[in-house]
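Residues per chain are reported as follows:
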Amino acid sequence: MGRRKFMGALAAAGTGAMAGGLSVSPSAHGDTVHFPPSSYLGGAGPFRSECDIRDCDVIGEIPTNIDGAFYRVGPDWQYPPMTGNIPFDGEGHVSMFRISNGHVDFKSRYARTQRYKAQSAARKRLFGMYRNPFTDDASVKNISRGTANTHIVYYNGKMLALKEDSPPVVLDPLTLETVDDYYTFHGELASLTHTAHPKFDHATGEMISFGYEAKGLASDDVLVFSADAQGHITWQTWIKVPYVGMLHDFAVTEKYVAFLCVPMATNVERMKQGQVHFAWDSMLPTWFGVLERGGDGKDLRWFKGPERCATHVMGAFSEGHTLYVDMDMALKNQFPFFPNLHGEPFDPKAASGYLTRLSVDLSKKDIREYSMERLYPQTGVLPRQDDRYQTKPYHVGFMPTTDATKPLNPKLGNLPFRPTNSYTRFDHATRSTSQFYIGDASSLQEACFVPRSENAAEGDGYLVGVAHRLLEGGRTDLVIVDTQHMEDGPVATVRLPFRSYSQVHGWWVPASQLPKM
Ligand SMILES: [Fe+2]
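Residues numbered from 1 in each chain as written. Predicted model: local features only at pLDDT ≥ 70, side-chain atom pairs only at ≥ 80, totals over all residues.

A word on the sheet that holds strand S10 (residues 169-171)
The strand order S8-S9-S10-S11 describes an open sheet built from four strands, whose pairing is antiparallel. Pairing within the sheet leaves two strands with one partner each, and these edge strands are strand S8 (151-155) and strand S11 (178-180). Between one strand and the next, the sheet's axes are offset by a mean angle of 40 degrees, whatever the strand orientation. (Pairing = 2+ DSSP bridges. Helix = DSSP H or I, 4+ residues; strand = E, 2+ residues; numbered from the N terminus. Axes fitted to C-alpha atoms, helices over the stretch in contact; angles between N-to-C directions.)

Pasting the structure below:
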């Protein structure tokens with residue numbers, strides 16, 4: 001019998017503070033917070049620390065034309081998860097690197113979501129498995145399940161922390177304090193959900209967005225909408241999806257809005273059995289849906305394709321009536337923690353993502369399928385672009401990639417995955433690439449692009465992104481790379497004295513757009 005069970009047995013026997021002359025401490029009645037050992041990053045477990053560092057340790061010289069804030073968000077367990085739950089269900093933790101005049105101040109705060117506050121008050125976990133309300137404590141039936149852990153974007157002077165199963169959560173961009181735990185665009189949002197990947201049209205000032213499973217758990221309804229720079233919804237329309245599943249990202253051009261349905265299907269039966277929201281159904285095709293911006297959802301056209309997994313859009317554009325959407329795309333399920341419905345083992349090779357261009361000529365009324373072209377040989381995930389070019393024709397993109405030709409540090413032993421060891425810059429105009437390689441013992445997360453100046457050419461500037469140092473327990477650095485000199489290594493590294501949580505996505509806000517202190 002372990003110590004915890006032994007102490008519990010004493011309490012259950014009504015022994016109180018004394019047992020046969022043995023002095024024992026009062027019992028916590030099994031509510032003690034304890035995280036089970038985790039295999040992630042050497043068992044380091046969740047981060048859970050909200051902290052401030054004024055003047056971080058900087059190696060190298062940060063160019064003075066970098067003035068703004070890099071925000072990142074990721075899941076970080078507030079309380080020990082239900083057995084079998086997945087990392088995507090941790091509470092949203094936001095951090096900010098405020099960079100100015102060569103100095104860096106760091107701040108991190110949890111988003112005070114409705115569920116964070118409820119669990120904090122109860123001093124325990126109240127929500128069960130990932131996006132599965134059947135596993136929740138009865139006391140939280142009317143509390144938003146949103147974790148705000150997936151993406152963070154700047155809109156209308158607000159940092160919106162996003163999770164695709166719920167409306168945005170608003171954070172103050174300077175203090176990271178939560179100022180609205182359920183943002184509904186002045187009450188105008190008709191969907192119960194909001195994507196983690198809205199797009200910004202800098203020519204019109206609009207945010208174009210959507211919500212899926214918009215009318216409740218497993219509903220096949222999707223709300224597509226635009227909002228103006230003041231947060232008012234100016235266009236909305238409803239569409240239906242061919243089947244209900246993860247509709248994580250979407251594409252917006254000057255003329256069109258496009259969705260890709262992939263076989264990460266919502267599975268209510270499995271939820272009722274206590275499992276997570278999704279399972280990969282390899283029997284399903286993909287569907288590429290296209291709608292005109294400002295149009296009516298009944299005019300949406302769906303184009304069929306084979307089984308594929310694609311989660312994120314690098315960029316999209318339309319030329320005449322032809323729409324092009326660039327995504328990282330794999331043959332099969334890319335998420336080992338979402339099970340394959342038909343029992344196939346997870347296939348790491350088939351899960352490798354390649355930058356792939358989806359296209360369809362909308363002037364042709366009789367076509368039923370979309371086209372695909374693999375653009376580059378590099379494998380990776382989490383592609384980004386120069387965000388000033390969202391919705392516009394673009395030719396520069398970036399993606400964390402894994403260069404398998406590079407050695408892996410032998411001290412790392414047998415890892416269950418090959419770390420992401422590079423950032424690659426892609427130039428679609430020339431189909432050429434350049435690469436920043438971080439070394440044999442680090443793992444890179446998504447990077448954000450920082451323009452060299454307000455009017456810099458597309459893709460001319462810096463990448464900012466976080467690296468975990470795998471021989472130092474996952475200790476975290478921010479690396480800053482010049483996109484014109486990727487091979488030269490970082491121009492500067494911001495060294496944090498701890499291992500931060502894993503990020504999903506991040507966002508750069510220039511100082512000119514931030515409120516004044
Ligand atoms: Fe995402």
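Examining the domain arrangement of the chain
For an interface, size is often stated in terms of accessible area lost upon the parts coming together. Per the domain assignment, the segments making up the chain are domain 1 (1-30) and domain 2 (51-513). Centre-to-centre, using C-alpha coordinates, domain 1 lies 48 Å away from domain 2. (Domains from an automatic or database assignment.)

Some words on the environment of Gly294
With respect to the secondary-structure elements, Gly294 resides in the loop between strand S20 (286-292) and strand S21 (301-305). Residue classification places Gly294 among the exposed residues on the basis of 12 C-beta atoms within 10 Å. Remark: the alpha-carbon pair of Gly294 and Ile438, spanning 144 residues in sequence, is separated by 44 Å. (Buried ≥ 20, exposed ≤ 12 C-beta atoms within 10 Å, placed from the backbone.)

Comments concerning unusual backbone geometry
What is expected of a backbone is that most residues other than glycine have negative phi and most peptide bonds are trans. A positive phi angle, near 65 degrees, is found at Arg48, a position not held by glycine. Along the chain, the position of Arg48 falls in the loop between strand S2 (22-23) and strand S3 (52-53). The exposure class of Arg48 is partly exposed, given the 16 C-beta atoms found within 10 Å. Residues other than glycine seldom take positive phi values, yet Arg131 does so here, at roughly 50 degrees. Mapped onto the fold, Arg131 is located in the loop between helix H2 (114-122) and S8.

Some words on the environment of Arg374
Assignment of secondary structure puts Arg374 in strand S25 (residues 371-379). Judged by C-beta crowding, with 10 C-beta atoms within 10 Å, Arg374 ranks as exposed. When the C-alpha atoms of Arg374 and Arg357 are compared, they prove to be 6.4 Å apart, with 17 residues separating the residues in sequence. Those residues within four positions of Arg374 in sequence are excluded, and the remaining contacts are Tyr354 and Thr356. (Contact = placed C-beta atoms within 7 Å.)

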